[in-house]
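Chain by chain, the residues run as shown.
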Amino acid sequence: MGQVSAQEAIALLDRLIATPSHSREESGTGDVIEAFLCAKGVDVQRIYNNVWARCVAFDSNKPTLLLNSHHDTVKPSAAYTFDPYTPLHRDGRIYGLGSNDAGASVVALAATFCQYYREELPFNLILALTAEEEVMGEKGMRAALPEFERQGIRIDMALVGEPTEMQAAVGERGLLVFDATAHGRRGHAARNEGENALYKAIEDIERLRSYRFERCSELLGPINIAVTMISAGTQHNVVPDECRFVVDVRTTDAYTNEQTVELLQAAVECDLVPRSTRVRASAIGEDHPLVKAAKAIGRQTFVSPTTSDMALMPFPSLKMGVGVSSRSHSADEYVLESEIEEGIELYDQLIQKLKETI
C-alpha cells in the first residue's frame, strides 16, 4: 500500500502539472499531494498549502532528517508552444509547467518517504512539500518551520529537492538587496548651486565597488556587491537633491546577513536600507553525514548558483534533486522520465548510506 513505483510517481507529476499552482495559489496541488499520500496510508498534516508528515516510528531522541521540495511554480513564459498545464509525454520527456522545478523532486521525495514511512531507521524522517518557495512567502517554509517547532519537532538536517541533476549542492549564497538614498541640496545648474546628490551617490557607489570584506568563505568565496539600478534628477538645469540606487549583495557564511548590513552601512554616507535579511547563505561541511552519504553513492559536490528554501533553514542542508537547473522557469519546461526513475533510486541509496553513517 505504501510503496510508490516510478510510474505512480510520474502519474502524480502529471496531476501536479495539470493543476495550476502559481506561488500563493497552490491549494489545488496541495490537495493533489495530500490525497496521494493519504491513499498510501500516510497520516498527513497541513498548514496553509504546506503538506507534511512524520514517519510512524518518530522518536524525539533520534536526529531528524527533513525531506523537502516545493510544489509552487512561477507563471508560464509567453513563449510556451503548448498548454503549460497539459502534461505532454514525448520521446521520454514530460513537458509542462513545474515538471522540472520542482515537481520531479516532489514526486521522487514523496516516493522515498512512502518507502520508509513505516520503517524504523536510526533517524526520523519528515516529509514537507511546501508552498511559496519561488517568492519565499510567509505561508511557505516560513510557516512550516514554526509549526514543527510548535509541535516539539527539532529538525537536525535537510535534503532539499531542487533540479541539480542529482548532484549534491553543499552551499548556496544568500542575498541582500539594499535601497540606497544619497541626499543633497537642490540648486540651479547654471549657477553651480546646491549639493549634487548624484555626485554623492557616485562616491558611495565607488566605495561599494572597491569594498573588501576581511573574511572570505572557504566554500562560497568572497561576498559579491553590484549596483544594479540608479535614478536621480527631474530636469536638466536643476541640481538633484536626491539620488536613489539599488545594491545587490550575494552573501556567504563568512558573516551573518545582519553583520554584512552593519559593515556596508558603516562604509557609505548614504542611507542604505536592506529590504530583508532572511535570505541567508547556506553551507554544509564535508564531514556531515549527508555529504558523506552523497559522496558514497557517487554524487559530486558543488556550490549552487541559485537560491532555494535552504536560505530559510537554520540547520545543515543539502540540495539534491531531479532535473536540470537551466530548464527551470523556461518555456516548454520538461523533465525526463528516466531522471525521475534515477532520482527515486538515488534517494533510496542515500537513505541506505545515511543509515550507515548515523
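Look up: the structure comes first, before these words.
Every value quoted in this text rests on a predicted model; they were computed, and no experiment measured them.

Colleague: Residue-level account of helix 2 (residues 27-39), with values.
Modeller: Between the first and last C-alpha of helix 2 there are 18 Å, a value that for 13 residues agrees with the 18 Å anticipated at 1.5 Å per step. Within helix 2, burial applies to Thr29, Gly30, Val32, Ile33, Phe36 and Leu37. Down the axis of helix 2, the smallest arc covering the buried residues is 160°, so these residues share one side. Check the buried side of helix 2 and you find it contacts helix 1 (6-17), strand 1 (45-47), strand 2 (50-54), helix 3 (99-116) and strand 6 (124-130). Phi for glycine 41, located one or two positions after helix 2, is positive at around 85°.

Colleague: Any chance you could break down the packing of aromatic side chains for me, citing the residues and the numbers?
Modeller: Any pair of aromatic rings gets described here by the distance separating the centres and the angle formed by the planes. Applying the stated rule across the entire model yields seven aromatic pairs. With a centroid separation of 5.5 Å and an interplanar angle of 90°, the aromatic rings of tyrosine 80 and phenylalanine 82 are classed as edge-to-face. Phenylalanine 82 sits in the buried class, given a relative accessible area of 19%. Taking 5.4 Å as the distance between ring centres and 50° as the angle between the ring planes, the aromatic pair formed by tyrosine 95 and tyrosine 334 counts as tilted. Taken together, the positions of tyrosine 95 in strand 5 (residues 93-95) and tyrosine 334 in strand 18 (residues 334-336) put the pair 239 residues apart, joining distant regions of the chain. Among the residues examined, tyrosine 95 registers a relative accessible area of 12% and is labelled buried. The class for tyrosine 334 is buried, based on a relative accessible area of 17%. A connected cluster of aromatic rings, assembled from ring pairs, spans Tyr80, Phe82, Tyr95 and Tyr334. Above the ring of tyrosine 334, the side-chain terminus of arginine 93 is found at 4.1 Å from the ring centroid. Above the plane of the ring of tyrosine 255 lies arginine 215, whose end atom (NZ or CZ) is 3.8 Å from the centre.

Colleague: An account of unusual backbone geometry is requested, with residue identities and associated values reported.
Modeller: One can expect most non-glycine residues to show negative phi and most peptide bonds to be in trans. Residue alanine 102 is bonded to the preceding aspartate 101 through a cis peptide linkage, with omega at -5°. Mapped onto the elements, alanine 102 comes out in helix 3. In this model, histidine 329 sits at a positive phi of 65°, which is unusual for a non-glycine residue. Along the chain, histidine 329 falls in the loop between strand 17 (317-319) and strand 18. Judged by relative accessible area, histidine 329 falls into the partly exposed class, the value being 46%.

Colleague: Can you explain the environment of threonine 112? Please cite residues and give values.
Modeller: When you line up the elements, threonine 112 lands in helix 3. In the structure, threonine 112 is positioned 45 residues away from leucine 67 in sequence and 9.0 Å away in space, judged by C-alpha atoms.

Colleague: Outline the sheet that holds strand 18, listing residues and values.
Modeller: With antiparallel pairing, the three strands of this open sheet are ordered in space as 4-5-18. The outermost strands of the open sheet, each flanked by one partner alone, are strand 4 (88-90) and strand 18. Within this sheet the neighbouring strands show an average axis-to-axis angle of 25°, counted without direction. Summarising the sheet, strand 4 and strand 5 pair through three bridges and their orientation is antiparallel. Paired with histidine 89 across the strands is isoleucine 94, a residue of strand 5.

Colleague: Pulling in residues and values, what's your account of the nonpolar core?
Modeller: If you look at the biggest cluster of nonpolar residues, it comprises 57 residues, and the most contacted ones within it are Leu37, Leu65, Leu125, Leu159, Leu318 and Ile340. At ten residues, the largest contribution of residues to this core is made by helix 3. Once you skip the residues sitting within four places of it in the chain, leucine 159 turns out to touch Leu65, Leu66, Leu67, Asn68, Leu109, Leu318, Met320, Tyr347 and Leu350.

Colleague: Describe the pairing of strand 3 (residues 64-70), naming the residues involved and giving the relevant values.
Modeller: Taking burial as the measure, the seven residues of strand 3 include seven buried ones, the bulk of the element. By the alternation rule, side chains of strand 3 split into Thr64, Leu66, Asn68 and His70 and Leu65, Leu67 and Ser69, which are all buried. The pairing of strand 3 with strand 6 spans seven bridges and is classified as parallel. Note that in strand 6 the partner of histidine 70 across the bridge is threonine 130.

Conventions used here
Residues numbered from 1 in each chain as written. Predicted model: local features only at pLDDT ≥ 70, side-chain atom pairs only at ≥ 80, totals over all residues. Heavy atoms only, no water. Helix = DSSP H or I, 4+ residues; strand = E, 2+ residues; numbered from the N terminus. Expected span 1.5 Å × (residues − 1). Buried < 20%, exposed > 50% of the residue type's maximum accessible area, 1.4 Å probe, protein only. Arc of directions from axis to C-beta. Contact = heavy atoms within 4.5 Å. Phe/Tyr/Trp six-rings, centres within 6.5 Å; stacked < 30°, edge-to-face > 60°. Lys NZ or Arg CZ within 6 Å of the ring centre and 35° of its normal. Pairing = 2+ DSSP bridges. Axes fitted to C-alpha atoms, helices over the stretch in contact; angles between N-to-C directions. Core = buried A, V, L, I, M, F, W, Y, C linked by side-chain atoms within 4.5 Å.

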